[in-house]
Amino acid sequence: MDKLKVTVWNENEKAFEPYPRGINHAIAGFLRESGEFNIREALQTQPEHGLTEEVLSGTDVLVYWAHSHHHEMDDAIVERIQRSVLGGMGLILLHSAHASKIFSRLMGTDTLRLRWRDVGELERVWCIEPSHPITQGVPEYFDIPHSEMYGENFQIPAPDELLFLSWYEGGEVFRSGCTFKRGCGKIFFFSPGHETFPIYHMPEVQRIITNSVKWAAPIYRPDIVTGNTPDFIL
């Protein structure tokens, strides 16, 4: 059986203390160590933001992390990602990708809008759908000692499935793990992952992302027929 083809995308290779070689390298690293995927890394700073037609046509699942350069994404590339998702490519949106053009376009809302506070407070992540493929091997809850708070109201449509709910020591709650389906593609948004905290080194988070990549893989990518169909199909 062929391995899933996974592209791990990041806006740049900026080093943060927990990720001296960049967040994309950290995420690609633990996915690569699983031995289940063929991994490619891509950056927004590359030509065509690293997401050429060739790259996307050879991608089963796109893992997308971004922070503060959403406005610099070329709309033509956003449309290209959208077409790929509608055609069956899986999309994993991490942390600040909630504000990305592609998430907003796929959701049909201004996904930038939510509460936030960056003071390094405790986040408790509750697993509320323990039978889902993404939650397999994840405990009932786990604590992230230092995290950025994202709080409701989060301007997204009702998720197809709400898998994780986060509580913060300031009292806020947040829908931190949500699935959606658009066209033939499956989407998972997972919010924990602030760049200055070692969240992607946590085994629970690595398990969730690894599971989500397998879940989002296309079952098939059919040729979609549209337009005038003059002949009867019997």
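A quick note: this is a predicted structure, and the numbers were derived from the prediction, not measured.

So, about the pattern of salt bridges. Counted according to the given criterion, the structure contains 12 salt bridges. Two residues, Asp 75 and Lys 101, come together in a salt bridge whose shortest N-O distance is 2.9 Å. On the criterion of sequence distance, the pair formed by Asp 75 in helix H3 (residues 75-86) and Lys 101 in helix H4 (residues 101-107) is long-range, its members being 26 residues apart. The partner of Glu 152 in a salt bridge is Arg 175, with the nearest N and O atoms 2.9 Å apart.

What follows deals with the packing of aromatic side chains. Summed over all chains, the structure comprises 10 aromatic pairs. When the ring of Trp 9 is compared with that of Tyr 64, the centres are 4.3 Å apart and the planes differ by 20 degrees; the resulting orientation is stacked. With Trp 9 in strand E1 (residues 4-10) and Tyr 64 in strand E3 (residues 61-65), this pair connects stretches of sequence that are 55 residues apart. Using a relative accessible area of 1% as the deciding quantity, one classes Trp 9 as buried. Between Phe 188 and Phe 190 the ring centres are 5.9 Å apart and the planes differ by 15 degrees, which places this aromatic pair in the stacked class. Judged by its relative accessible area of 0%, Phe 190 falls in the buried class. Cluster of aromatic residues (ring-pair linked, three or more members): Phe 103, Tyr 150, Phe 154, Phe 174, Phe 180 and Phe 189. Residue placement shows Lys 186 over the ring face of Trp 215; its charged tip is 5.2 Å from the ring centre.

Here we take up helix H5 (residues 203-216). Along its 14 residues, H5 runs 20 Å from first to last C-alpha, staying within 8% of the 20 Å computed at 1.5 Å per residue. Within the span of H5, buried status applies to Val 205, Ile 208, Ile 209, Thr 210, Asn 211, Ser 212, Val 213, Trp 215 and Ala 216.

Attention shifts here to the pairing of strand E4 (residues 90-94). Burial analysis of E4 places 5 of its 5 residues in the buried class, the great majority of the element. Neither face of E4 is left uncovered, since the one carrying Gly 90, Ile 92 and Leu 94 and the one carrying Leu 91 and Leu 93 both have all their residues buried. Pairing between E3 and E4: 5 bridges, direction parallel. Bridge pairing in E4 places Val 63 opposite Ile 92. One ladder, built from 4 bridges, connects E4 with strand E9 (residues 185-190); its direction is parallel. Counted as the bridge partner of Leu 91 is Ile 187 from E9.

This part takes up the nonpolar core. Counting 39 residues, the largest nonpolar core has Leu 31 and Phe 164 as the members making the most contacts within it. Ala 42, Leu 51, Phe 154 and Ile 156 belong to the second largest nonpolar core, which has 32 residues in total.

We now examine the state of the cysteines. Under the definition given, this model contains 0 disulfides. Note on Cys 127: no disulfide assigned, nearest cysteine sulfur contributed by Cys 178 at a separation of 13 Å.

Next up on the list: unusual backbone geometry. Omega for the bond connecting Glu 152 with Asn 153 falls within 30 degrees of zero, at 20 degrees, which places this linkage in the cis form. Take Asn 153: it is sitting in the loop between strand E6 (141-151) and strand E7 (161-168). One non-glycine residue with positive phi stands out, namely Glu 48, at about 55 degrees. Considering the arrangement of structural elements, one finds Glu 48 in the loop between strand E2 (37-43) and helix H2 (53-57). Residues other than glycine seldom take positive phi values, yet His 95 does so here, at roughly 50 degrees. Mapped onto the secondary structure, His 95 falls in the loop between E4 and H4. The buried category is assigned to His 95, whose relative accessible area is 2%.

Conventions we followed
- Residues take numbers from 1 onward in each chain, read along the sequence in its written order.
- At least 70 in pLDDT is required for a residue's local features to be given in this predicted model, at least 80 for side-chain atom pairs to be given and counted, and no such filter applies to totals for whole chains, interfaces and linings, which use all residues.
- The side-chain numbers reported here are obtained from all heavy atoms of the structure, hydrogens and water having been left aside.
- Any carboxyl oxygen of Asp or Glu that lies within 4 Å of a side-chain nitrogen of Lys or Arg is treated as forming a salt bridge with it.
- Think of it this way: any DSSP run of H or I at least four residues long counts as a helix, any run of E at least two long counts as a strand, and we number them from the N terminus.
- Here a Phe, Tyr or Trp ring, Trp counted by its six-membered ring, pairs with any other such ring whose centre lies within 6.5 Å, and the pair is stacked when the planes are under 30 degrees apart, edge-to-face when over 60, and tilted otherwise.
- The cut-offs for exposure are 20% and 50% of the maximum accessible area for each residue type, with area from a 1.4 Å probe on protein chains only; residues under the lower value are buried, those over the upper are exposed, and the others partly exposed.
- Geometrically, a charge over a ring is one whose NZ (Lys) or CZ (Arg) sits within 6 Å of the ring centre while staying within 35 degrees of the ring normal.
- For a helix, the expected span equals 1.5 Å multiplied by the number of residues minus one.
- If DSSP finds at least two bridges between two strands, the strands pair.
- Definition of nonpolar core: a set of buried residues of the types Ala, Val, Leu, Ile, Met, Phe, Trp, Tyr and Cys, connected through side-chain atoms within 4.5 Å.
- Cysteine sulfur atoms that come within 2.5 Å of each other are treated as a disulfide pair.

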